[in-house]
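# Topology and contacts: notes
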Amino acid sequence: MIYNNDNVRRQDRLLGEKEAFELLRNGEFGILSLAAPDGSPYGIPVSYVWDGVESIYFHCAKEGKKLSCIDFSSKASFCIVGKTNVVPNKFTTGYESIVLQCEIKRGIGEDERMHALRLLLEKYSPDDMVVGMKYAEKSFGRTEIVRMTVVEFSGKCKRVN
């Protein structure tokens, strides 16, 4: 997993590597962008979790447009936006964001799927792990877990007061 800001046009607005990894770890959701089988673009917000190494996981139903797109192409872009700050009197917005280029895969093994569900629960429902794991086990058969392996990502920010 490479953090590379070489292709960011505004080199004066680079997000530091440490901040980029924090945003990856703590972001609430990201926008998943895929190519549809008909060639049209498809973007959708998803809740996600990063495993701390190179994989991002999200869960969804066992069928749908998102999965059709994943079956069509294993390439994905994932954008996470962190804090924003609209400053009306300066006609600008402060922001932080990262864009990740990923290889995306569905149909991963049961152990990895359950591990991903545990990670999602730890991130989004840490005070309800026991109940959450029971729910995950009960719904396991009707839940798809998708893994995105991050190949490279970049980050950008604008700080305004």
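Residues numbered from 1 in each chain as written. Predicted model: local features only at pLDDT ≥ 70, side-chain atom pairs only at ≥ 80, totals over all residues. Heavy atoms only, no water.

## Things to note about the overall build of the protein
Rules: Segments assigned H or I by DSSP are reported as helices when at least four residues long, segments assigned E as strands when at least two residues long, and all are numbered from the N terminus. Based on C-alpha atoms, the radius of gyration is set beside the globule rule, defined as 2.2 Å times the residue count to the power 0.38. Only protein chains enter the accessibility calculation, which uses a 1.4 Å probe; a residue is then buried when its area is under 20% of its type maximum, exposed when over 50%, and partly exposed in between. We call two residues in contact when some of their heavy atoms are within 4.5 Å. The method behind every accessible area is Shrake-Rupley, applied with a 1.4 Å probe, and residues are considered shielded solely by the protein chains displayed. The convention is simple: Lys and Arg are positive, Asp and Glu are negative, and His and the chain ends are not counted. In this description, the location of a charge corresponds to atom NZ of lysine, CZ of arginine, CG of aspartate or CD of glutamate.
When helices and strands are tallied, the protein shows four helices and eight strands. In terms of overall size, the protein behaves like a compact globule, its C-alpha atoms giving a radius of gyration of 17 Å where 161 residues would be expected to give roughly 15 Å. For the C-alpha atoms alone, the extent of the protein along its principal axes is close to 50 × 40 × 30 Å. A burial count over the protein gives 40% of its 161 residues as buried. Long-range contacts, defined as pairs at least 24 residues apart, comprise 72% of the intrachain contacts of the protein with a sequence gap of at least 6. Carbon and sulfur atoms make up 51% of the accessible area of the protein, which totals about 9300 Å². Mean positive and mean negative side-chain charge positions of the protein (23 and 22 charges, respectively) differ by 6 Å.

## Observations regarding the pairing of strand 6 (residues 75-87)
Short version of the rule: Two strands form a pair only when DSSP identifies at least two bridges running between them.
Bridge analysis of strand 2 (residues 30-35) against strand 6 gives three bridges, and the strand direction is antiparallel. Bridged to Ile31 within strand 6 is Cys79. As defined by bridge partners, strand 6 adjoins strand 7 (residues 92-105) across eleven bridges and the pair is classed as antiparallel. Looking across to strand 7, one finds that Ser77 is bridged to Gln101. If you look at the hairpin formed by strand 6 and strand 7, you'll find four residues sitting between the two strands, and Phe91 has a positive phi there, around 55°.

## Side note on the pairing of strand 5 (residues 55-60)
One face of the sheet, then the other: side chains in a regular strand alternate in exactly this way. Across the six residues that make up strand 5, a large majority, five, are buried. Where strand 4 (residues 49-50) and strand 5 come together, two bridges link them in antiparallel fashion. By the bridge assignment, Val49 is partnered in strand 5 with Tyr57. Here strand 5 pairs with strand 8 (residues 144-158) via six bridges, running antiparallel. Looking across to strand 8, one finds that His59 is bridged to Ile145.

## Looking at helix 4 (residues 129-139)
Worth spelling out the cut-off: It is the directions from the helix axis to the C-beta atoms that the arc portrays.
All buried positions along helix 4 are accounted for by Met129, Gly132, Met133, Ala136 and Ser139. Along the axis of helix 4, the buried positions cluster into a sector of 135°, meaning they face one direction only. Turned more than 90 degrees away from the buried face of helix 4 sit Val130, Val131, Lys134, Tyr135, Glu137 and Lys138, all of them exposed. Packed against the buried residues of helix 4 are helix 3 (110-124).

## A word on the pattern of salt bridges
As a reminder, the rule being used: Definition used for salt bridges: Asp or Glu carboxyl oxygen within 4 Å of a side-chain nitrogen of Lys or Arg.
Following the criterion strictly, the structure yields eight salt bridges and no others. The salt bridge involving Arg10 is made with Asp12; its shortest N-O contact spans 2.7 Å. On the basis of relative accessible area, Asp12 is assigned to the exposed category, the value being 56%. Taking the shortest distance from any N to any O, the salt bridge between Glu144 and Arg106 comes out at 3.5 Å.

## Considering the packing of aromatic side chains
Applicable threshold: In this scheme Phe, Tyr and Trp rings, the latter by its six-membered ring, pair at centre separations within 6.5 Å, and the angle between planes marks the pair as stacked below 30 degrees, edge-to-face above 60, and tilted otherwise. Charges are assigned to positions over rings by a cutoff of 6 Å between ring centre and Lys NZ or Arg CZ, combined with an angular limit of 35 degrees from the ring normal.
Applying the stated criterion to the full structure yields five aromatic pairs. Ring pairs connect the aromatic residues Tyr3, Phe21, Trp50 and Phe153, which therefore count as one cluster. Lying over the aromatic face of Phe140, Arg113 brings its terminal NZ or CZ to 4.0 Å of the ring centre.

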